[in-house]
Amino acid sequence: MLVLALDTATPASTAALVEVTADGLRGVAERRAVDPRAHGERLAPEIAAALADNNVRPQDLTAIVAGLGPGPFTGLRVGLATAASMAQALGIPTYGVCSLDGLGRAAGPGRVLVATDARRREVYYATYVDGVRVTGPEVAKPADVNEEYDRVCGEGGLKYGDTFGVPVEEHLLYPPGAALVALAAERIREAAPSEPLTPLYLRRPDAVEPTTRKSVLT
């Protein structure tokens, strides 16, 4: 079963193809572009390239897995809207997973802090023991993260590494597509019903509705 994984919860736009079998999974391809202000422009070409490079047609896909965040409002909704519209057009199910969980699973053994950049000098974070989430997700300033961990991954961990004071997994900054699919693998194998892709927002968007009207007269 070929599955498309999408994630735009971080500055990266990720599109990955993963083959899910009865007893495991295999990463087929992953395309990623890092630009925090261009998810809408970058994601569709990444999807097209991942499919074309591996001679896969959209009709060959069995399901779509999408990272639900947490992440900034504008970027996150690009990935979720794309996943939902593609799945509807193809008649296949969608499954959502926490984007931080993808990093936590990929980090492997030990007690790991996953931190992604939340802007405003804050991070979205959660802690994991042997790949399983034990606290979070939450949003806070790096100095206010009061958790126990022996290393950190995610681009927020790299950005605020001096504050966290533990080794940084610099090779693991963005959620890998294969890890996202692994989190939904049982649902995929069981052909579970499609799930609504509800974004995981931990705070209100930066844009707010004006409270007063501005005069257009000079």
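Note that the structure is predicted; figures quoted are calculated from it, not measured.

S.K.: What exactly am I supposed to notice about the nonpolar core here?
M.R.: One recurring pattern in soluble globular proteins: nonpolar side chains tend to sit buried together. If you look at the biggest cluster of nonpolar residues, it comprises 21 residues, and the most contacted ones within it are Leu4, Leu6, Ile47, Leu61 and Ile64. Contributing elements (two or more residues each) for this core: strand S1 (2–7), strand S2 (12–20), helix H1 (39–53), strand S4 (61–67) and helix H2 (73–90). The biggest single contributor to this core is H2, with five residues. Filtering out sequence-adjacent residues up to four positions away, Leu61 remains in contact with Leu2, Val3, Leu4, Leu17, Leu51, Val56, Met86, Leu90 and Ile92. Grouped together as the second largest cluster of nonpolar side chains are 14 residues, Val18, Val65, Val97 and Leu180 included.

S.K.: Help me understand the pairing of S4, please; the structure alone is not making it clear to me.
M.R.: Looking down a regular strand, the side chains alternate between one sheet face and the other. With six of seven residues buried, S4 is to be regarded as a mostly interior element. Two strands pair when backbone bridges link them, and S1 and S4 are joined in this way by five bridges, in the parallel orientation. Bridging from a neighbouring strand, Leu4 pairs with Ile64 of S4. When S4 meets strand S5 (residues 94–97), the two strands line up parallel, connected through four bridges.

S.K.: Please explain the pattern of salt bridges as it appears in this structure.
M.R.: Opposite charge on two side chains permits them to pair, given that their charged atoms come into close proximity. The full count for this structure, using the stated rule, is twelve salt bridges. The residue Arg32 makes a salt bridge to Glu30 at a minimum N-O spacing of 2.7 Å. Among the residues examined, Arg32 registers a relative accessible area of 33% and is labelled partly exposed. Note on Glu30: relative accessible area 35%, which makes it partly exposed. Arg189 serves as the salt-bridge partner of Glu186, at 2.8 Å between the closest nitrogen and oxygen. In this pair, Glu186 and Arg189 both sit in helix H6 (residues 177–189), three residues apart, roughly one turn of the helix. What emerges from the salt-bridge pattern is a single network uniting Arg31, Glu46 and Asp53.

S.K.: So what exactly am I meant to see when it comes to H6 here?
M.R.: Note: α-helices contain 3.6 residues per turn, so residues at a spacing of three or four share the same orientation. Between its first and last C-alpha atoms H6 spans 17 Å; for 13 residues at 1.5 Å apiece the expected length is 18 Å, and the two agree. Most pronounced at Leu183, the bend in H6 amounts to some 50 degrees. For H6, the full list of buried residues reads Gly177, Ala179, Leu180, Val181, Ala182, Ala184, Ala185 and Ile188. Elements in contact with the buried residues of H6: S1, S2, strand S3 (25–34), S4, S5 and helix H3 (99–107).

Reading the values: the criteria
- Residues numbered from 1 in each chain as written.
- Predicted model: local features only at pLDDT ≥ 70, side-chain atom pairs only at ≥ 80, totals over all residues.
- Heavy atoms only, no water.
- Core = buried A, V, L, I, M, F, W, Y, C linked by side-chain atoms within 4.5 Å.
- Buried < 20%, exposed > 50% of the residue type's maximum accessible area, 1.4 Å probe, protein only.
- Helix = DSSP H or I, 4+ residues; strand = E, 2+ residues; numbered from the N terminus.
- Contact = heavy atoms within 4.5 Å.
- Pairing = 2+ DSSP bridges.
- Salt bridge = Lys/Arg side-chain N within 4 Å of Asp/Glu carboxyl O.
- Expected span 1.5 Å × (residues − 1).
- Bend = angle between axes of the 7 residues up to and from the residue.

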